[in-house]
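Structural features, examined
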Amino acid sequence: MEQSILNSYNEAKRLYALHGIDVEQVLEQLAEIKISLHCWQGDDVKGFLNKDKELGGGIAVTGSYPGRAGTPEELRRDLEQALALIPGRHKVNLHAIYADTEEEVELDKLEPKHFENWVHWAKEQGLGLDFNPTCFSHEKAKDGFTLSHPDKEIRDFWIKHCQASRRIAESFGQALGQPCVTNFWVPDGYKDTPVDRLSPRVRLKESLDEIFSEKIDESYNIDAVESKLFGIGSESYVVGSHEFYMGYALSMGKAVCFDAGHFHPTEVISNKLSSWLMFGDRLLLHVSRPVRWDSDHVVTMDDELLEIARELVRGQLLDRTHIGLDFFDGSINHIAAWVIGTRNTIKALLRAMLEPVETLKQIELSGDYTSRLALVEEFKSYPFGAVWDYYCAKQGVPVREGWLSEVKKYEQEVLLKR
């Protein structure tokens, strides 16, 4: 480790210690946090089942940056490259369409065997796996409805797919010794205002009840349900609204997924986290960056990311929260997007951990709002960057922008030759 990094770290550690912050303990805690990297950033949400079909479900990827992964092997290799530049030990989040098999298989017939190569790879890499049924980009979803479809035959297809997905997730948890978080999101909704809002929600609830009727040990699989306010093709009405899934998850003991881009453009999720975890046991985060709508931009160190991190740290909510990423930018290097987004998410958590939370709480409780504001503002310029540099060096990954040259080298040697 460079002496300059160590010197800066020791000075930062001294400053934080003045406020009772044990930096070494903070870094130990940070190293235990797993971020789930979403595989679909690596190939623009194409997948390997029915990969020639047009992307649907209100999802759009813009840009045509060269080198996106075209095979499971390429995607795994790209993920390895990204993970080598990110401090800590993490997870990879798969969608069902990323099955690695030569067999022609429909979504409702998927089995754990179709993901064996992913499990073997995760074991070798020391990673966990998360999972998602893929209820989009399919003939049976082309009219915008899946689990709430008025046609029972179509509903049954998607129910069977989601049931198969839970069994696959359970096999991940058993094989890798850590729970797989399985997230259920469906694109169901109307472009214009419907007459009947209730009936599709009744059908969605019945479908979910059937999906979750099979008992699966939560030590292997954790179910989460994800809401959305609107999407392309469902601007006026989404069946799986925030209120619907809040009620469903609370009554059924499921986790709720808050996606940072799935709410009103002026609405944030950071203020919702403590409220949910007062009543629900678990939370899944999809950390993304909306720009006016659910546009899934790469996560940057913006105010909302910091507020999300602070809410989790200040409320001691990290042990009940599963953090995953969800963005897909086809306009920049696919690996750089993973690295930027994941490093920023970890960095935000570090910044939140390096605040004198207990002191601030005591000041607030005493009514000294002047000191509260002063300390919060002063800590924004405390030398967290020196601690971050030390953490990266200690974890054996590049410090500061040093990772970028590695990505550029990989681009020249691998990505541009595809």
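Residues numbered from 1 in each chain as written. Predicted model: local features only at pLDDT ≥ 70, side-chain atom pairs only at ≥ 80, totals over all residues. Heavy atoms only, no water.

Selection rule: UniProt positions are given in the numbering used here, feature names are shortened, and annotations may be inferred rather than shown by experiment.
Taking an unreviewed UniProt entry as the reference, the protein is identified by name as L-rhamnose isomerase belonging to Paenibacillus albidus. UniProt lists a comment for the protein under the heading Catalytic activity (unreviewed entry), and it reads "L-rhamnopyranose = L-rhamnulose". Within the UniProt record for the protein, the comment given under Function (unreviewed entry) is "Catalyzes the interconversion of L-rhamnose and L-rhamnulose."

Some words on the pairing of strand β6 (residues 221–226)
Rule in force here: The buried label goes to any residue with under 20% of its type's maximum accessible area, the exposed label to any with over 50%, and the partly exposed label to all in between, with areas taken from a 1.4 Å probe on protein chains only. Elements are defined by DSSP. Helices are runs of H or I of four residues or more, strands are runs of E of two residues or more, and each kind is numbered from the N terminus. A pair of strands counts as paired when DSSP detects no fewer than two bridges linking them.
Among the 6 residues in β6, 6 count as buried, and that is most of the element. Sheet topology note: the strand β4 (residues 180–184)/β6 ladder contains 5 bridges and is parallel. Bridging from a neighbouring strand, Phe-184 pairs with Val-225 of β6. Pairing of β6 with strand β8 (residues 255–259) involves 3 bridges; the strand directions are parallel.

Re unusual backbone geometry
One non-glycine residue, Asp-44, adopts positive backbone phi at about 60°. Secondary-structure assignment places Asp-44 in the loop between β1 (35–38) and α3 (72–83). Backbone geometry places Val-45, a non-glycine residue, at a positive phi of 60°. Tracing the backbone shows Val-45 in the loop between β1 and α3.

Let's talk about the environment of Trp-338
The cut-off we apply is this: Residue contacts are counted whenever heavy atoms from the two residues lie within 4.5 Å of one another. Any N or O atom pair separated by 3.5 Å or less is treated as a polar contact, with the protein-specific requirement of one donor-capable and one acceptor-capable atom, and with residues adjacent in sequence counted only for side-chain atom pairs.
Here Trp-338 is to be found in helix α10 (residues 334–353). Since its relative accessible area comes to 0%, Trp-338 is described here as buried. Along the chain, Trp-338 and Ala-31 lie 307 residues apart, while their C-alpha atoms are 18 Å from each other. Filtering out sequence-adjacent residues up to four positions away, Trp-338 remains in contact with Leu-37, His-38, Cys-39, Gln-41, Gly-42, Leu-75, Asp-78, Leu-79, Ala-82, Ile-86 and Phe-327. Separated by 2.9 Å, the side chain of Trp-338 and the backbone oxygen of His-38 make a polar contact.

Looking at empty space enclosed by the protein
Note the threshold: Using protein atoms alone on a 1 Å grid, points that fit a 1.4 Å probe yet trap it form a cavity, whereas open point sets bounded by protein on both sides within 12 Å along at least five of seven lines form a pocket; residues with an atom within 4 Å of a point count as lining. Grid points are joined across faces, edges and corners, and a volume is the space filled by probe spheres set on the points. In this count, Pro and Cys sit with the nonpolar residues alongside Ala, Val, Leu, Ile, Met, Phe, Trp and Tyr, while Asp, Glu, Lys and Arg are called charged and the others, Gly among them, polar.
As enumerated under the stated definition, the model contains 4 cavities of 30 Å³ or more in all. Reported here for the largest cavity is a volume of approximately 100 Å³. The wall of the largest cavity is formed by 14 residues, among which Val-45, Lys-46, Asn-50, Lys-53 and Ser-137 lie closest to the centre. Within the lining of the largest cavity, the residues separate by chemical class into 6 nonpolar, 3 polar and 5 charged.

Observations concerning the UniProt feature "binding site: Mn(2+)" (unreviewed entry) in the protein
Sites flagged by UniProt as "binding site: Mn(2+)" (unreviewed entry) map to His-262, Asp-294 and Asp-296. For the residues just named, distributed over 35 residues, the greatest C-alpha separation is only 9.7 Å, placing them together at one site. On the secondary structure map, Asp-294 appears in the loop between β9 (283–287) and α9 (303–314). With a relative accessible area of 6%, Asp-294 lands in the buried category. Once you skip the residues sitting within four places of it in the chain, Asp-294 turns out to touch Lys-228, Asp-259, Gly-261 and His-262. A polar side-chain atom of Asp-294 sits 3.0 Å from a polar atom in the side chain of Lys-228. Examined against the element boundaries, Asp-296 turns out to sit in the loop between β9 and α9.

Brief notes about helix α14 (residues 402–413)
Turn by turn, an α-helix covers 3.6 residues, leaving residues three or four places apart pointing in a common direction. For clarity, the threshold we go by: Any helix carries an expected span of 1.5 Å times its number of residues minus one. As used here, the arc belongs to the directions running from the helix axis to the C-beta atoms.
Spanning 12 residues, α14 covers 18 Å between terminal C-alpha atoms, matching the ideal 16 Å at 1.5 Å per step. Along α14, the residues that are buried comprise Trp-403, Val-407, Tyr-410 and Glu-411. Summarising the axial view, the buried residues of α14 lie within an arc of 105°, below the 170-degree limit, and thus occupy one face. In this structure, the buried side of α14 is in contact with α3 and α10.

Brief notes about the side chain of His-262
Tracing the backbone shows His-262 in the loop between β8 and α8 (273–279). For His-262, the residues in contact, after removing those within four places along its chain, are Trp-185, Glu-226, Ser-227, Lys-228, Leu-229 and Asp-294.

Considerations on the packing of aromatic side chains
Each pair of aromatic rings is reported with the distance of its centres and the angle of its planes. Keep this limit in mind: Between rings of Phe, Tyr and Trp, where Trp is taken as its six-membered ring, a pair exists when centres lie within 6.5 Å; planes separated by under 30 degrees are stacked, by over 60 edge-to-face, and by other angles tilted. Charge-over-ring contacts are defined here by two conditions on Lys NZ or Arg CZ: a distance within 6 Å of the ring centre and an angle within 35 degrees of the ring normal.
As enumerated under the stated definition, the model contains 19 aromatic pairs in all. For the pair Phe-258 and Phe-263, a centre-to-centre distance of 6.1 Å together with 65° between the ring planes defines the contact as edge-to-face. The same class applies to Phe-258 and to Phe-263, which are both buried. Their ring planes at 40° and their centres at 6.2 Å tell us that Trp-388 and Tyr-391 sit as a pair that is tilted. In this pair, Trp-388 and Tyr-391 are both assigned in helix α13 (residues 384–395), 3 residues apart and thus about one turn of the helix distant. Residue Tyr-391 is classed as buried on the basis of its relative accessible area of 2%. Put simply, the rings of Phe-184, Phe-212, Phe-244, Tyr-245 and Tyr-248 pair up and form one aromatic cluster. Looking at Lys-140, its charged tip hangs above the ring of Phe-157, at a distance of 5.5 Å from the centre. Geometry around Phe-212 places Lys-254 over its ring, the cationic atom sitting 4.3 Å from the centre.

Looking at the packing of helix α1 (residues 3–17) against helix α2 (residues 23–31)
Any two packed helices are characterised by the angle at which their axes cross and by the distance between the axes. How we decide: Every axis corresponds to a line fitted to the C-alpha atoms, with the helix fit spanning only the stretch in contact, and the corresponding angles, defined between N-to-C directions, vary from 0 to 180 degrees. Roughly parallel means an angle under 35 degrees; roughly antiparallel, over 145; roughly perpendicular, 65 to 115; everything else is oblique.
Put simply, α1 and α2 touch, their axes get as near as 9 Å, and they point 105° apart. Relative to α2, the element α1 lies roughly perpendicular. Seen from α1, the contacting residues are Tyr-9, Lys-13 and Tyr-16; seen from α2, they are Val-23, Glu-24 and Leu-27. Of the residues contributing to the contact of α1 with α2, the split by class is 4 nonpolar, no polar and 2 charged.

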